[in-house]
Amino acid sequence: MTAFCANLLTVQSLRRCRNGICRKNDILELDAALGDFQSSKETLPCPRCDGMGFSGQEKTMNTTLLSSHEDGLTLFAADLHELGARADAERRRRHGNQTYYVVNAHINPTNVCRIGCPLCAFAAKPNDKKAYVLEIDEIVHRAQRAVEFGATQLHLVSSVHPDKPYSWYRDILRVLHQTFPQLWLKAWTAVEIVAFAQSTGKSYEFILNDLQSVGLSSLPGGGAEIFDVEVRKKIAPNKIPAKIWLEVHRTAHKLGIPTNATMLFGHLETPKHRVEHLLKLRKLQEETGGFDCFVPLVFHPKNTQIDVVPISPQEILKTIAVCRLMLDNVEHMKAYWVTLGESLAQIALSYGADDIDGTVFEERIHHDAGSHTPFGLPESRLRELILGAKQSPVRI
Ligand code: SF4
């Protein structure tokens with residue numbers, strides 16, 4: 001029987017080693033061995049990561065190196081190029097020359113939201129001209145188009161509609177999963193999960209289990225914004241507090257549902273707030289190991305109520321490099337081209353990022369906030385960007 005890692009997630013989410021150390025080839029081997037896995041329920045340590053994610057020495061080095069506020073602030077004060085070189089070395093240690101991407105599509109079923117965050121350019125009130133709600137047929141139609149383009153993943157994120165019941169959001173997943181069982185469904189942020197729990201009177205665990213039973217594969221990382229209480233009060237006062245966001249992700253991880261984590265930066269926060277945010281994520285990851293990927297999101301102020309000068313490209317790259325070094329227990333780091341722009345995303349691949357996200361057909365949320373990037377990129381362009389960074393594209 002093929003040996004595989006004891007830290008793998010559930011069979012349903014068996015795509016990557018939980019520690020992310022096993023590379024694509026190992027995973028293919030695992031897929032081939034899935035029958036054995038399901039029948040025996042047996043796991044063996046992965047020969048590469050020894051079921052620990054890192055060899056003993058590397059683990060000690062990585063978990064003691066950059067684990068305090070002071071460490072983080074020292075990194076932010078460092079020279080950009082030195083910092084970038086260090087983050088790049090760390091990225092290469094984990095992933096060699098490989099950069100990952102996915103062929104995916106984003107579907108945002110509605111923009112009508114009752115929360116009202118000053119940072120948001122996407123949401124609308126029910127009577128606004130730009131308010132919309134997609135019928136399930138239309139959502140299926142868009143998913144069909146994505147499948148025809150070769151998509152293997154859908155990213156479904158919405159808003160908190162004042163009238164749509166939990167069953168509406170659930171049905172979207174159920175119908176999509178029934179129609180396209182091959183698609184990985186990354187759906188609903190922690191903000192939405194909390195809204196579902198509130199409207200039904202059920203626990204997060206119940207909701208997540210229930211969504212998993214109708215096709216949920218993983219949770220996106222949205223809604224984390226910045227965890228600091230004071231900054232959060234200004235940019236998203238009515239949004240769930242940090243500890244609830246973390247609790248939803250903790251619950252998902254316990255259920256074997258992998259999730260992403262995000263940090264929105266470039267608004268009212270300072271490096272100190274970014275470091276605090278990263279340390280909270282790092283702590284939860286130590287506890288659960290359930291974050292698959294971290295996505296640093298650049299804030300675009302256009303059409304929002306936050307009046308700031310856009311953050312500089314240097315500060316963006318520095319932040320990405322610090323994220324790579326401080327989140328040593330999260331395996332993947334995205335250069336999300338939608339908010340970075342194509343050129344900066346390409347450069348970020350040399351500042352710690354190992355994943356350029358995906359084709360992202362029809363993204364709306366960041367474009368409403370003034371992102372000038374196209375509404376989706378062909379797979380060939382993603383590969384071109386990765387090859388232009390002198391790295392090897394790996395489709396996941
Ligand atoms: S950020 Fe999300 S929760 Fe806040 S207003 Fe926009 S859609 Fe609603």
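Residues numbered from 1 in each chain as written. Predicted model: local features only at pLDDT ≥ 70, side-chain atom pairs only at ≥ 80, totals over all residues. Heavy atoms only, no water.

Taken in spatial order, the three strands of this open sheet run β8-β1-β9, and their pairing is parallel. With one partner strand each, in any of the chains shown, β8 (355-358) and β9 (392-395) form the two edges of the open sheet. This sheet shows a mean twist of 25° between the axes of neighbouring strands, independent of strand direction. Strand direction decides the pairing type here: strand β1 (residues 98-102) and β8, joined by two bridges, are parallel. Residue pairing in the sheet places Val-102 in a bridge with Gly-358 of β8. Contacts from helix α17 (residues 379-388) reach β1, β8 and β9, with the element oriented near 165° to β1. (Pairing = 2+ DSSP bridges. Helix = DSSP H or I, 4+ residues; strand = E, 2+ residues; numbered from the N terminus. Axes fitted to C-alpha atoms, helices over the stretch in contact; angles between N-to-C directions. Contact = heavy atoms within 4.5 Å.)

Here the focus is the site of the ligand. For the ligand, the full set of nearby residues is Cys-113, Ile-115, Gly-116, Cys-117, Cys-120, Ala-123, Ser-159 and Lys-239. Here the residues of the shell around the ligand are counted per class, giving five nonpolar, two polar and one charged. (Near = heavy atom within 4 Å. Nonpolar A, V, L, I, M, F, W, Y, C, P; charged D, E, K, R; others polar.)

Bringing the pairing of strand β2 (residues 104-107) into the picture now. Because side chains alternate across β2, one face comprises the buried residues Asn-104 and His-106, and the other comprises Ala-105 and Ile-107, equally buried. As paired elements, β2 and strand β3 (residues 153-156) share four bridges and run parallel to each other. Bridge pairing in β3 links Asn-104 to Gln-153. One crossover worth recording links β2 to the parallel β3 by way of helix α6 (residues 136-148), and it is right-handed. (Buried < 20%, exposed > 50% of the residue type's maximum accessible area, 1.4 Å probe, protein only. Right-handed = clockwise from strand over helix to strand, strands pointing away.)

The next subject is the environment of Gly-150. Summarising the element assignment, Gly-150 is placed in the loop between α6 and β3. With relative accessibility at 27%, the residue Gly-150 sits in the partly exposed group. Gly-150 sits 48 residues away from Val-102 along the chain, and the two C-alpha atoms are 9.9 Å apart. Gly-150 has contacts with Val-103 and Arg-395, leaving out every residue within four places of it along the chain.

Per the stated rule, a full pass over the model turns up eight aromatic pairs. Between Trp-168 and Tyr-169 the ring centres are 5.0 Å apart and the planes differ by 85°, which places this aromatic pair in the edge-to-face class. Assigned by exposure class, Trp-168 and Tyr-169 land together as buried. Among the aromatic residues, those joined into a cluster by ring pairs are Tyr-166, Trp-168, Tyr-169, Trp-188 and Phe-196. Here the basic side chain of Lys-202 rests over the ring of Phe-206, its NZ or CZ set 4.9 Å away from the ring centre. (Phe/Tyr/Trp six-rings, centres within 6.5 Å; stacked < 30°, edge-to-face > 60°. Lys NZ or Arg CZ within 6 Å of the ring centre and 35° of its normal.)

When you line up the elements, Glu-225 lands in the loop between α9 (204-213) and α10 (229-235). Within the structure, the side chain of Glu-225 is placed 2.4 Å from the side chain of Lys-239, a separation counted as a polar contact. Apart from residues no more than four positions distant in its own chain, Glu-225 is found in contact with Leu-119, Arg-232, Ile-235, Lys-239, Thr-262, Met-263, Leu-264 and His-277. (Polar contact = N/O pair within 3.5 Å; in protein donor to acceptor, adjacent residues only side chain to side chain.)

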